[in-house]
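Chain residues, written in single-letter form:
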Amino acid sequence: MSEWFFRDNPLLAWPLVGLGIFVAAFLMVVLYVTVVLRRDRDLERMAALPLDDVSAGAPEEGVVRT
Amino acid sequence: MQATTPVTKRVVYDDEVVRAFSLATIIWGAVGLLVGVLVATQLSFWQANLGLPWTSYGRLRPLHTNAVIFAFVGNMMFAGVYYSTQRLLKARLASDLLSWIHFWGWQAVIVGAAITYPLGLTQSKEYAELIWPLDLLVVLVWVAFAVNFFWTLARRNERNLYVAIWFYISTIITIAVLYIVNNLQLPTSLTHSYSIFTGVQDALVQWWYGHNAVAFFLTTPILGIMYYFLPKAAGRPVYSYRLSIVHFWSLIFIYIWAGPHHLLYTALPDWAQTMGMIFSVMLWAPSWGGMLNGLLTLRGAWDKLRTDPVIKFYIVAVTFYGMSTFEGPLLSIKSVSALGHYTDWIIGHVHGGALGWNGFMAFGMLYWMVPRLWGTQLKSVRLAELHFWIATFGILLYVVSMWISGVSQGLFWRALDAEGFLKYPDFIEGLLASRFMYQMRLIGGLAYFAGALLMVGNLWATIRSGRKSTVEIEVQGYAHDGPGFWALMRGAPVLYSLAVIVLSLVLFFSGTLGSAIALAGFGVLVIAGALSIGTEKSRRSWHDLVEGHSLAFTVLVLVAILVGGLVEIVPLVVAKKDVPAQVAHADSVWAARGEYVFVQMPYSPLELEGRDIYVREGCYVCHSQMVRPFRHETLRYGEYSRAAEFIYDTPFQWGSKRTGPDLHREGGKYANLWHYLHLNDPRSTSPGSNMPAYAHLKTGRVDYGGTPGKMRALRKLGVPYQDAQIAAAGATARSQGGLIAADLAAQAVTIAPDSELVALIGYLQRLGRGPQPTAPAPAALAAREVAR
């Protein structure tokens, strides 16, 4: 089967190599995020970063001069 | 970066440049949409071309696409990036000078595009049409942007990099790589150049760029803006930060591979097409993950949807993002592409993305940000609501009409009768059937434009009612307790990235043994990585190490995008020597037997100049030069196109849309007189056509003084022009032009042999065929002598 697949052009291996690299990288990221970062409290602080900033015109956040 | 003692700092944000980019967004947005309305009018009513060379559809369409992408969305992106980056990093932009170089440089590029496109100065590569001096300016401006951004990262007062910053980093890095590679060119004059890539390679590099311009200019920065501004507007943190991590890495890794889906069923090698299709389908997952993450951020705040126009714009924008990223992979499936490619379906798809996703995000961001930048309230919420509903109606009408038109065109072109022949052999019939939908599209575009004008008035009144505000905050200086520079360079992420780069190079450039070793090395890396994660309890995690250090993060992003680019492009460059340089004559008996009968020959000087006129007038905007291997296409156009036929084509002219028929086998299909009449007045030969008239080509003259320079440049790129051919370029061109002029004169048409129209006819008559006569045949010469 594989001999038949690659007979016409050995370059056909490239998409498979690419797919393999992607699958490996994707699985590593997913596993890392779901297993290692599962109890990372810092992520909650990071998720709230946009709400922690100072917006011009919003007097409750920082000093706004006009 | 060694450990330092925390200190309290006062930071004043640079919102002046944000205000400038916001105003530029508003102004250029209106201009881009206005040109869009004009070109939509031209497609419905050809008279709107105004009979002027610089207002013809072929020249204005690139102006519209560039204005919307780079002027409207580009300025919006810079405004959003600079506004959010300062606040997420709690730091002022590093350099005011660089900020203003960035702003004015970008406006100069836009003005340059607005001048050069109507003049017909173009590279003819979609979304990369700028001539080389403007390309250089883009690169300089982008470098200023990148330096300013990364310098600000280095001076930040917030240790962690929020996910929006990740998307901005990926944008800066990837666009730099894409833009430089796709614009590698050999100048022949101040306004003209040839791409260093030819034929199939040029097509692949262009769509690797074109697709990823959508990905990394119109998507990743806007996703970063979504991740910042949507939580701001909703008053809630993003739904899942973990999901955003997976979203980011999978999106940037997959996107870069998907470019070949623009070239399905073309002469591109099959493996590359298949790879593009597979990765495009895989894009569904991260795209929808991001969309859901955005929508679910509104959990518990859906009531705001009733009262807040900003939230309304964001929700529709994110919904359009989901719709476009569903439709894109769908269109990338080969059997769907066979129907949808070259049709208006693609036009509907890109407008759903550009106007629905990008446009609505821009509107939402401006309505939220402008009042804050000028320290006031939005002048009229009701007017913003009206804008929302008009724009929503407009974009829906636009997209739906293009869907109907596109699917109809696809079915129309492929329809066969009971005997297996074309049911609708006349291409113009399909165009006429689409006319009503073109008019609906025009109404939709007008509505969208009218909504934008409401916004311009509303925001102008808002700005006048307020005063520029300056924000000053007090922050704890970032305690740089991470590793120093060299410790960071020895850290796992950087070492792993370098290992991946080295192994990739070994894999790509070595033989079987080297490739096997490289693959084994990848396996070892994966195992080592897994083990190090499992045993790294006492040290900082990978995530901390990577996202807390912009250098390591940037290196990883670069690796992620380079893998896809290398895997796609390197094999095709390596395979160039394998592309056969011989092709069968399209209508020869040998072609039927599959035999090659003559070597592919370069264009004659006249054909070369004619080709440049074809490029200048933007003919590729409506005419493809790629016959796909389908029965209905070969019946309509002739033999399907082969890779070897394009080895001397730079820039390639495959096109991406068929408002008119394919032209790859145009040579010899019609007489010179037909082309003369058609170009002079398309409706004289094709009643119902919406093509602009090119009567100005009759009086335009070709300057053959520049032809030898062009031929010498092409010779450097591999086109086998001989010294004698180059030396005789002008005489050869005039001789060939004389043959065409004589043929027309015999039919009572007087035209100068060196006119642009004759050169264009010469090029069109060459398409899909071998060399054409450049001098009278000996027998004809003898007959002429006898007659004399």
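Since the structure is predicted, the reported quantities are computational estimates derived from the model, not experimental observations.

1. Here we look at the overall build of chain A
On a plain count of helices and strands, chain A comes out with 3 helices and 1 strand. Going residue by residue from the N terminus, the α and β elements of chain A occur as α-α-α-β. Taking all 66 residues of chain A together, 32% fall into the buried category.

2. Side note on the overall build of chain B
Helix and strand content of chain B: 32 helices and 6 strands. Considering only contacts within chain B whose residues lie at least 6 apart along the sequence, 81% involve residues at least 24 apart. For chain B, the computed accessible surface area is about 28,400 Å², with 68% contributed by carbon and sulfur atoms.

3. What to know about the packing of helix α5 (residues 163-182) of chain B against helix α8 (residues 241-255) of chain B
Residues and elements named next belong to chain B. Between α5 and α8, the shortest axis-to-axis distance is 10 Å and the interhelical angle comes to 10 degrees. Between α5 and α8, the angle falls in the class roughly parallel. Contact residues: Val163, Trp166, Phe167 and Ser170 in α5; Tyr241, Ser244, Ile245, His247, Phe248, Trp249, Leu251 and Ile252 in α8. Tallied by class, the residues present in the contact of α5 with α8 amount to 9 nonpolar, 3 polar and no charged.

4. Side note on helix α15 (residues 381-414) of chain B
The first and last C-alpha atoms of α15 of chain B sit 50 Å apart over 34 residues, in line with the 50 Å expected at 1.5 Å per residue. The N-capping residue of α15 of chain B, defined by a side-chain oxygen 2.9 Å from the backbone nitrogen of Leu383 of chain B, is Ser380 of chain B.

5. Observations regarding the confidence of the model for chain A
Confidence in the prediction for chain A averages 68 pLDDT; 56% of positions are at 70 or higher. Taken element by element, the predicted model of chain A shows its lowest mean pLDDT in strand β1 (residues 63-65) of chain A (53) and its highest in helix α3 (residues 42-47) of chain A (82).

6. Here we look at the nonpolar core
Residues and elements named next belong to chain B. Judged by nonpolar contacts, the single largest core of 196 residues is most densely connected at Tyr241 and Phe360. Counting residues per element, this core draws most heavily on helix α2 (residues 57-89), at 18 residues. Listed in part, the 39 residues of the second largest apolar core include Leu679, Ala733, Leu744 and Leu767.

7. Some details on the packing of aromatic side chains
Residues and elements named next belong to chain B. Scanning the entire structure with this criterion turns up 57 aromatic pairs over all chains. Pairing Phe72 with Phe363 gives two aromatic rings, centres 6.1 Å apart and planes at 40 degrees, and the pair type is tilted. Remark: Phe363 occurs in helix α14 (residues 344-373) and Phe72 occurs in helix α2; sequence separation between them is 291 residues. Residue Phe363 is classed as buried on the basis of its relative accessible area, which comes to 1%. The side chain of Arg372 reaches across the aromatic face of Trp368, ending 3.9 Å from its centre. When the ring centre of Tyr640 is taken as reference, the NZ or CZ atom of Arg642 above it lies at 4.8 Å.

8. Overview of the pattern of salt bridges
Residue and element names in this part refer to chain B. All told, the structure shown has 27 salt bridges over all chains when counted by the stated rule. Close ionic contact of Arg628 with Glu633 constitutes a salt bridge, the shortest N to O distance being 2.8 Å. Residue classification places Glu633 among the buried positions, given a relative accessible area of 2%. When salt bridges that share partners are traced, they join Arg59, Arg616, Glu617 and Glu756 into one network.

9. A look at the environment of Tyr314 of chain B
Residues and elements named next belong to chain B. One can find Tyr314 in helix α12 (residues 309-332). Taking the C-alpha atoms as reference, Tyr314 lies 9.9 Å from Asn358; in sequence the two are 44 residues apart. Excluding its chain neighbours within four sequence positions, the residues that come into contact with Tyr314 are Phe229, Leu230, Ala233, Met361, Gly364, Met365 and Trp368. In terms of polar contacts, Tyr314 uses its side chain to reach the backbone amide nitrogen of Met365, at 3.4 Å.

10. Things to note about unusual backbone geometry
All names here are of chain B. With an omega of -10 degrees, the peptide bond running from Thr650 to Pro651 counts as cis. Within the element layout of this structure, Pro651 appears in the loop between α24 (631-637) and α25 (672-680). Within the chain, Leu50 stands out as a residue other than glycine whose phi angle is a positive 65 degrees. We note that Tyr265 has phi near 65 degrees; this positive angle belongs to a residue other than glycine. Following the sequence through the fold, Tyr265 ends up in the loop between α8 and α9 (270-282). For Tyr265, a relative accessible area of 22% puts it in the partly exposed group.

11. Structural notes on the side chain of Thr297 of chain B
Residue and element names in this part refer to chain B. By secondary structure assignment, the location of Thr297 is in the loop between α10 (284-296) and α11 (304-307). Its relative accessible area of 1% is what places Thr297 among the buried residues. Setting aside chain neighbours within four positions, we find Thr297 in contact with Leu230, Pro231, Ala234, Arg236, Pro237, Val238 and Tyr239.

12. Some points on the environment of Leu121 of chain B
Residues and elements named next belong to chain B. Mapped onto the secondary structure, Leu121 falls in the loop between α3 (96-116) and α4 (132-154). The spacing of Leu121 and Asp344 is 223 residues in sequence and 26 Å in space, taken between C-alpha atoms. Apart from the residues within four sequence positions on either side, Leu121 is in contact with Thr116, Glu129, Ile131 and Thr191.

13. Some details on helix α7 (residues 220-234) of chain B
All names here are of chain B. If you check α7, its first and last C-alpha atoms are 21 Å apart, about what 15 residues at 1.5 Å a residue would give, namely 21 Å. Taken as a whole, α7 carries its principal kink of about 25 degrees at Met226. Just past α7, the residue Gly235 takes up positive phi, approximately 70 degrees.

14. Topic: the packing of α7 of chain B against α12 of chain B
All names here are of chain B. Two elements in contact, α7 and α12, have axes separated by 10 Å at closest approach and are oriented at 145 degrees. Crossing angle aside, the handedness with which α7 passes α12 is left-handed. Touching Leu223, Met226, Phe229, Leu230, Ala233 and Ala234 of α7 are Val310, Ile311, Tyr314, Val318 and Tyr321, all from α12. Looking at the contact of α7 with α12, its residues break down into 11 nonpolar, no polar and no charged.

15. Thoughts on the confidence of the model for chain B
Taken residue by residue, chain B gives an average pLDDT of 89. The fraction at 70 or more is 89%. In the predicted assembly, ipTM is 0.74 and pTM is 0.88.

Rules of the game
Residues numbered from 1 in each chain as written. Chains lettered and ligands numbered in written order. Predicted model: local features only at pLDDT ≥ 70, side-chain atom pairs only at ≥ 80, totals over all residues. Heavy atoms only, no water. Helix = DSSP H or I, 4+ residues; strand = E, 2+ residues; numbered from the N terminus. Buried < 20%, exposed > 50% of the residue type's maximum accessible area, 1.4 Å probe, protein only. Contact = heavy atoms within 4.5 Å. Areas by Shrake-Rupley, 256 points an atom, 1.4 Å probe, with all protein chains shown as cover. Axes fitted to C-alpha atoms, helices over the stretch in contact; angles between N-to-C directions. Parallel < 35°, antiparallel > 145°, perpendicular 65-115°, else oblique. Nonpolar A, V, L, I, M, F, W, Y, C, P; charged D, E, K, R; others polar. Expected span 1.5 Å × (residues − 1). Polar contact = N/O pair within 3.5 Å; in protein donor to acceptor, adjacent residues only side chain to side chain. pLDDT = per-residue confidence, 0-100. Core = buried A, V, L, I, M, F, W, Y, C linked by side-chain atoms within 4.5 Å. Phe/Tyr/Trp six-rings, centres within 6.5 Å; stacked < 30°, edge-to-face > 60°. Lys NZ or Arg CZ within 6 Å of the ring centre and 35° of its normal. Salt bridge = Lys/Arg side-chain N within 4 Å of Asp/Glu carboxyl O. Bend = angle between axes of the 7 residues up to and from the residue. Left-handed = near helix turned anticlockwise from the far one by under 90°.

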